[in-house]
Amino acid sequence: MDNLGRILMVEDDPKDVELTMMALEGHNLANEVIVTRDGEEALDYLYRRGKYSTRSSEHPAVILLDLKLPKIDGLEVLRQVKTDNSLKIIPVVVLTSSNEEKDLVSSYKLGVNAYVVKPVDFHEFVNAIKELGVFWAVINAAPPASAWK
Amino acid sequence: MAQSNIQIGEIQPTVKRYCLALLSVVIALAFALFLASHNFQGLEFSLFLFAIVLTAWYEGTGPAIFALTLSSLAFDYCFTAPFRSLRVERSEVPYYVTYILFAALVAWFAAIRRHAESELLRARDELQAANKELEAFAYSVSHDLRAPLRHMAGFGELLQKNVNSTLDDKSQRHMTMILESAKRMGGLIDDLLAFSKIGRVEAQMSLVNLDQLVNEVVTEARQEAANREIVWRIDSLPSCYGDRSMLRIVFVNLVSNAIKFTRQRARAEIEIGCVKGSEHEAVVFVRDNGTGFDMKYVNKLFGVFQRLHYADEFEGTGIGLATVQRIIHRHGGTVRAEGSVNQGATFYLSVRKS
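Calculation notes
Residues numbered from 1 in each chain as written. Chains lettered and ligands numbered in written order. Predicted model: local features only at pLDDT ≥ 70, side-chain atom pairs only at ≥ 80, totals over all residues. Helix = DSSP H or I, 4+ residues; strand = E, 2+ residues; numbered from the N terminus. Buried ≥ 20, exposed ≤ 12 C-beta atoms within 10 Å, placed from the backbone. Contact = placed C-beta atoms within 7 Å. pLDDT = per-residue confidence, 0-100. Axes fitted to C-alpha atoms, helices over the stretch in contact; angles between N-to-C directions. Parallel < 35°, antiparallel > 145°, perpendicular 65-115°, else oblique. Left-handed = near helix turned anticlockwise from the far one by under 90°. Nonpolar A, V, L, I, M, F, W, Y, C, P; charged D, E, K, R; others polar. Pairing = 2+ DSSP bridges. Right-handed = clockwise from strand over helix to strand, strands pointing away. Expected span 1.5 Å × (residues − 1). Core = buried A, V, L, I, M, F, W, Y, C linked by C-beta atoms within 7 Å.

**Some thoughts on the overall build of chain B**
At step 1: For chain B, the count of helices and strands is eight helices and seven strands.
At step 2: Out of the 354 residues belonging to chain B, those deemed buried represent 26%.
At step 3: Counting only contacts in chain B whose residues sit at least 6 apart along the sequence, the fraction spanning at least 24 positions is 70%.

**A word on the interface of chain A and chain B**
At step 1: Of the residues lining the interface, 15 residues belong to chain A; the matching set on chain B comes to 14 residues.
At step 2: Listed by contribution, the elements that provide at least two residues to the side of chain A that touches chain B are helix H1 (14-26) and helix H5 (122-139) of chain A.
At step 3: Ranked by the residues each element gives to the side of chain A that touches chain B, the list is headed by H1 of chain A, at four residues.

**Some remarks on the confidence of the model for chain B**
At step 1: When pLDDT is averaged along chain B, the result is 86, and 97% of the positions lie at 70 or above.
At step 2: With a pTM of 0.60, the predicted complex shows an ipTM of 0.73.

**Section: unusual backbone geometry**
Residues and elements named next belong to chain A.
At step 1: Positioned with a positive phi, Arg48 is a non-glycine residue whose angle comes to about 50 degrees.
At step 2: Tracing the backbone through its elements, the reader meets Arg48 in the loop between helix H2 (39-46) and strand E3 (62-65).
At step 3: Its identity is not glycine, yet Lys71 carries a phi of approximately 55 degrees, on the positive side.
At step 4: Among the secondary structure elements, Lys71 is positioned in the loop between E3 and helix H3 (74-83).
At step 5: A residue is classified by how many C-beta atoms lie within 10 Å of it, and Lys71, with 13 of them, is partly exposed.

**Considerations on the packing of H2 of chain A against H3 of chain A**
Residues and elements named next belong to chain A.
At step 1: H3 packs onto H2 with a crossing angle of 20 degrees between their chain directions and a minimal axis gap of 9 Å. Considered as vectors, H2 and H3 are oriented roughly parallel to each other. Judged by the sense of rotation from one axis to the other, the crossing of H2 with H3 is right-handed. Of the residues in H3, those touching H2 at Gly39, Ala42, Leu43 and Leu46 are Gly74, Glu76, Val77, Gln80 and Val81.
At step 2: Partitioned by chemical class, the residues of the contact of H2 with H3 number five nonpolar, three polar and one charged.

**Topic: the pairing of strand E5 (residues 114-117) of chain A**
Every regular strand shows the same layout, with side chains that alternate between the two sheet faces.
Residue and element names in this part refer to chain A.
At step 1: The pairing of strand E4 (residues 92-96) with E5 spans four bridges and is classified as parallel. Looking at the pairing, Val93 lines up with Ala114 of E5.
At step 2: Each parallel crossover has a hand, and the one from E4 via helix H4 (residues 101-109) to E5 is right-handed.

**Thoughts on helix H7 (residues 244-261) of chain B**
At step 1: Here H7 of chain B spans 26 Å end to end across 18 residues, near enough to the 26 Å set by a 1.5 Å rise per residue.
At step 2: Regarding H7 of chain B, the residues found buried are Met246, Leu247, Val250, Phe251, Asn253, Leu254, Val255, Asn257, Ala258, Ile259 and Phe261 of chain B.

**Structural notes on the sheet that holds E4 of chain A**
Hydrogen bonding along the main chain pairs the strands of a sheet, whether they run parallel or antiparallel.
Residues and elements named next belong to chain A.
At step 1: Pairing is parallel across the open sheet formed by five strands, whose spatial order is E2-E1-E3-E4-E5. Only two strands of the sheet have a single neighbouring strand rather than two, namely strand E2 (33-36) and E5. Strand after strand, the sheet turns through a mean of 20 degrees between neighbouring axes, direction not considered.
At step 2: Pairing between strand E1 (residues 7-10) and E3: four bridges, direction parallel. Paired with Leu8 across the strands is Ile63, a residue of E3.

**Details of the nonpolar core**
At step 1: Of all hydrophobic cores here, the largest spans 38 residues; its most connected members are Val10, Ile63, Leu64, Leu65, Val92 and Val93 of chain A.
At step 2: When residues of this core are traced back to their parent elements, those giving at least two are E1, H1, H2, E3, H3, E4 and H5 of chain A together with helix H4 (93-163) of chain B.
At step 3: If you tally residues by element for this core, the top one is H5 of chain A, at six residues.
At step 4: Excluding its chain neighbours within four sequence positions, the residues that come into contact with Leu64 of chain A are Ile7, Met9, Val10, Val93 and Leu95 of chain A.

**As for the sheet that holds strand E7 (residues 345-352) of chain B**
Residue and element names in this part refer to chain B.
At step 1: With mixed pairing, the five strands of this open sheet are ordered in space as E2-E4-E5-E7-E6. Lying at the two open borders of the sheet, with one neighbouring strand each, are strand E2 (230-234) and strand E6 (335-339). Each neighbouring strand pair of the sheet contributes to a mean axis angle of 15 degrees, computed without reference to strand direction.
At step 2: Looking at chain direction, strand E5 (residues 281-288) and E7 are connected through eight bridges and run antiparallel. Bridge pairing in E7 links Ala282 to Val351.
At step 3: Against the sheet, H7 engages E2, strand E4 (268-275), E5 and E7, with an angle of about 25 degrees to E5.

**Details of the environment of Gly39 of chain A**
Residues and elements named next belong to chain A.
At step 1: Of note, Gly39 is situated in helix H2.
At step 2: Along the sequence, Gly39 and Gly74 sit 35 residues apart, while their C-alpha atoms lie 6.2 Å from each other.
At step 3: Beyond its immediate chain neighbours, meaning those up to four positions away, Gly39 contacts Val10, Leu69, Lys71, Ile72, Asp73, Gly74, Glu76 and Val77.

**Here we look at the environment of Pro60 of chain A**
All names here are of chain A.
At step 1: On the secondary structure map, Pro60 appears in the loop between H2 and E3.
At step 2: Distance in space between the C-alpha atoms of Pro60 and Val33 is 9.1 Å, their sequence separation being 27 residues.
At step 3: Those residues in contact with Pro60, other than ones at most four positions away along the chain, are Gly5, Arg6, Ile7, Leu8, Ile34 and Ile90.

**Here's the deal with the pairing of E3 of chain A**
Residue and element names in this part refer to chain A.
At step 1: By the alternation rule, side chains of E3 split into Val62 and Leu64 and Ile63 and Leu65, which are all buried.
At step 2: As paired strands, E3 and E4 are joined by three bridges and run parallel to one another. By the bridge assignment for E4, Leu65 is matched with Val94.
At step 3: At this point the chain moves from E3, through H3, to the parallel E4, and the crossover so formed is right-handed.

**Considering the confidence of the model for chain A**
At step 1: Here chain A averages 83 in pLDDT, while 89% of its residues score no lower than 70.
At step 2: Looking across chain A, the model is least confident in H5 of chain A, with a mean pLDDT of 77, and most confident in H3 of chain A, with 92.

This is the structure we're talking about:
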């Protein structure tokens, strides 16, 4: 098994998915990236429901979460993750276009681990993704297996 | 059953209004009787009048007529000859006429007040709705407009990296212009959002030491313009009452403008000082010896996205001075500018003193 840990990306825009993947690959981050396209699918993945019912029980090393999503929005996903005893230790990084104070405050109140506004400039975007990937998926020590209960 | 419940629900407030009318008259009567029992007379008329006026003002026309009738009956029965009788003497008529006139007058005023009140409430609701819409709009701009822009910039950049070596000079230049424009639009959107935020965020008012604030701003600006020769003249400034972070934005904008528009000077001179204002107002100015502007266009200076210089001459989105004006207006102050072409510019702003 890959000891780098998976990255769970929750992003509805395929173009953003592609840009983020390129940024991650461009920096040789070999982590497996799972892409879910809306809040419902993300929760299905985390709770191993529906098409994810057969996935391995290992949790992702980090969740990259967009806020504006179809069906269940990002803040609701964040709320569910952070109020669930078995999921709340997964680091969640909100990665969004919105630099509205309202979203920032709500996210921190719900217990987000980091909040990153996607820069319009591509270089800045690549750097932001790189630093996020390196920090949360490589440098940051993940909670030990005994913590997953 | 359900229907009668609804009716009771509708009737109850009306019953309450009539009960209050009754109560005010009963209190007036009790008070009048109490005074009479202590041989203190002559106030009954005023007491009933007071009860009528109060009812007319607060409870409307129906209860006012009710209070008027009750008061007239009580007044006639208890306080006018013949006592303990409802007979009306000719001499008492002016009393009742006064009651009726007063009740009508006050009910009329009350109706006008209620109308104005409901108009105000309606206007407030409309404003709140419009404000909400505006907020939703700003949110949508911040989220939805930036995404496609990021894609244009991102994929454009990737394309440029992959094919640039095979493109001729002209196509390379076009590629660069596309990317620059995407970047510029990103900047414009961010500026516009920041500008709209100033109108929506609540100001945190406190006593602000302008000396300290300006020093902070200038120290930062100096570091950024370390390669330029700039002579700074900073007088002592008063303290004023305002939102510190907003006033900081004001001085950051004015100082960075002064640095920008003196770029063509070998030796830039920037002066920040204070001229005598009124008793409650301080007038602070920021002066430079830069490129200045034609006073003909002074009224365009503070408009959103208005620029008096070409984009390739001096960069910028044209939102800085609009932001300055908006912040100072929110503080109840005024801004004005003086200048002439190639003779520098001076920006004055008035702020409330402590």
